[in-house]
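# Secondary and tertiary structure notes
Residue-level listing of the chains:
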Amino acid sequence: MIIVDIQDEIFQNNNLFNKLLWDRYIGTELWGRIYDLCEINNIEIITADYALNNYHDLSGCSLISIEITCRTEILIKKGVKPKILISGESPIFAWEFFVNLNKHGALFESLMLPKGVVNFAPKLASKIQQTSFPIPKKICSKIQNYDEWKTRARACVIISNRVWRPRGFKHLQQILKTPVIAKSLYEKRNKAIITLSKTGLVELYGRGWGNYVLGGNVINYYKLKRLWKGELDIKDSGMGGYKFAICYENTDFPGYVTEKIFDSLAAGTIPIYYGSDYIKEILPRELYIDVKEFNSIHDVGEYINTFSADNYRVFHDTLIHFCKSKEFNQNTYEARAEKIFNTINA
């Protein structure tokens with residue numbers, strides 16, 4: 001039996017494997033794919049809360065832990081074998097997990113984490129497998145020709161109104177002594193949206209923009225609120241009416257690549273990307289606009305305003321070719337699920 005330990009309450013009681021959640025909760029498709037592999041191979045897979053509530057003897061079961069929860073130590077003491085420790089977060093948010101990585105990581109056979117974490121736990125380097133967000137196959141079903149694409153609105157961005165700040169003095173101390181500092185990109189992203197809105201239409205979607213969040217830039221908040229069009233339940237359906245999507249990661253940290261750029265491609269929308277350089281190892285350069293390659297965000301605005309049919313043709317043809325490539329197939333949800341399944345059953 002495989003036990004998956006996850007903290008989020010919405011995924012308790014085996015809800016993590018519910019395929020109805022795939023569109024609403026980014027990343028849950030991975031666990032649905034793993035569930036299918038387990039079912040095919042007659043292996044039971046359950047969430048940790050369900051295991052503790054319904055089974056007395058758990059010795060010999062295999063554990064996949066998504067970071068460390070209040071149940072992780074209890075499961076290990078009950079004889080569950082700690083196989084895989086996973087996190088797709090960066091240390092600026094999951095700082096407590098990362099500063100304790102040497103302690104917790106030593107218990108597990110394999111660590112699937114962003115590659116920058118080796119700076120926190122160099123002794124565990126041999127266990128660490130680089131992981132980032134899987135690529136959804138639906139990016140290959142939204143490829144449009146230029147005549148269709150050019151009728152769309154200019155650009156959008158889908159983000160929640162959040163502000164990063166240290167959670168107390170201890171957190172600040174840990175951030176300051178962290179070997180590799182993950183840089184928060186919240187304010188950089190907000191300034192980019194404001195600048196791009198001056199050179200053409202940019203529409204903002206997401207949660208929390210109805211109220212100012214303490215600690216944020218007040219002036220920038222009200223500038224952004226004027227661009228806000230409301231919330232969206234499913235990202236790619238909202239992005240589908242736009243030519244470009246502003247896709248800034250929450251942090252710039254080695255190996256940290258989330259769903260944002262893939263949501264854009266899944267909507268047939270060209271990503272304007274800022275984040276880890278690891279993206280170059282995942283996607284062909286022609287599939288996104290790399291903000292780091294421009295002198296300023298104003299230059300990015302000028303570039304997308306003059307984006308030609310030839311520019312789009314390169315994007316279009318590259319995406320078609322990429323969807324047929326080995327590199328694509330190695331990074332899909334299906335491939336990632338198979339990797340985790342094979343690792344835990346090795």
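Described in the following lines is the structure provided in the data block. It should be emphasised that the depicted structure is a prediction, and the values quoted were computed from it without experimental measurement.

Okay, the sheet that holds strand β4 (residues 81-86) next. Overall, parallel pairing links the 6 strands, which are arranged β2-β1-β3-β4-β5-β6 in an open sheet. Each edge of the open sheet carries a strand with a single partner, namely β2 (45-47) and β6 (128-130). Across the sheet, the mean angle from the axis of one strand to that of its neighbour is 25°, orientation sign disregarded. Of the strand pairs in this sheet, β4 and strand β5 (residues 110-113) are connected by 3 bridges, and their pairing is parallel. From the neighbouring strand, isoleucine 84 faces β5, where its bridge partner is serine 110. Set on the sheet, helix α1 (residues 28-40) makes contact with β1 (2-5), β2, β3 (62-66) and β4; between it and β2 the angle comes to about 140°. Across the face of the sheet, helix α15 (residues 333-344) comes into contact with β1, β3, β4, β5 and β6 while running at roughly 155° to β4.

For the pair α1 and α15, interaxial distance at closest approach is 9 Å and the crossing angle is 55°. Considering the angle they form, α1 stands oblique to α15. In this structure, α1 meets α15 at a crossing whose hand is right-handed. Residue-level contacts link Glu29, Leu30, Arg33, Ile34, Leu37 and Cys38 of α1 to Tyr333, Glu334, Arg336, Ala337, Glu338, Ile340 and Phe341 of α15. Considered class by class, the residues forming the contact of α1 with α15 number 8 nonpolar, no polar and 5 charged.

Turning our attention to the state of the cysteines. Think of a disulfide as a covalent bridge from one cysteine sulfur atom to another cysteine sulfur atom. Applying the stated criterion across every chain yields a total of 1 disulfide. In this model cysteine 140 forms its disulfide with cysteine 323; the gap between the sulfur atoms is 2.0 Å. Here cysteine 140 and cysteine 323 share a disulfide; its torsion about the S-S bond, -95°, makes the bridge left-handed. On the criterion of sequence distance, the pair formed by cysteine 140 in the loop between β6 and α6 (146-149) and cysteine 323 in the loop between α13 (309-322) and α14 (326-329) is long-range, its members being 183 residues apart. In this model cysteine 247 remains outside any disulfide bridge; the closest cysteine sulfur is found in cysteine 156, 7.9 Å from its own. For cysteine 247, a relative accessible area of 1% gives the class buried.

Now for the packing of aromatic side chains. Tallying each qualifying case throughout the model produces 20 aromatic pairs. Ring plane angle 75° and centroid distance 6.1 Å describe the contact between tyrosine 273 and tyrosine 288, whose orientation is recorded as edge-to-face. Taken as a pair, tyrosine 273 in strand β12 (residues 270-274) and tyrosine 288 in the loop between β12 and β13 (289-290) lie far apart in primary sequence, 15 residues in all. A relative accessible area of 2% places tyrosine 288 in the buried class. Taken together, the ring pairs connect Tyr146, Trp149, Phe244, Phe294, Tyr303, Phe307, Tyr312 and Phe315 into an aromatic cluster. For the cation-ring pair, arginine 285 lies above tyrosine 288, with the distance from its terminal atom to the ring centre recorded as 5.0 Å. A cation over a ring is seen here: lysine 292 above tyrosine 274, with NZ or CZ 5.4 Å from the ring centre.

Definitions and cut-offs
- Residues numbered from 1 in each chain as written.
- Predicted model: local features only at pLDDT ≥ 70, side-chain atom pairs only at ≥ 80, totals over all residues.
- Heavy atoms only, no water.
- Pairing = 2+ DSSP bridges.
- Helix = DSSP H or I, 4+ residues; strand = E, 2+ residues; numbered from the N terminus.
- Axes fitted to C-alpha atoms, helices over the stretch in contact; angles between N-to-C directions.
- Contact = heavy atoms within 4.5 Å.
- Parallel < 35°, antiparallel > 145°, perpendicular 65-115°, else oblique.
- Left-handed = near helix turned anticlockwise from the far one by under 90°.
- Nonpolar A, V, L, I, M, F, W, Y, C, P; charged D, E, K, R; others polar.
- Disulfide = S-S within 2.5 Å.
- Buried < 20%, exposed > 50% of the residue type's maximum accessible area, 1.4 Å probe, protein only.
- Phe/Tyr/Trp six-rings, centres within 6.5 Å; stacked < 30°, edge-to-face > 60°.
- Lys NZ or Arg CZ within 6 Å of the ring centre and 35° of its normal.

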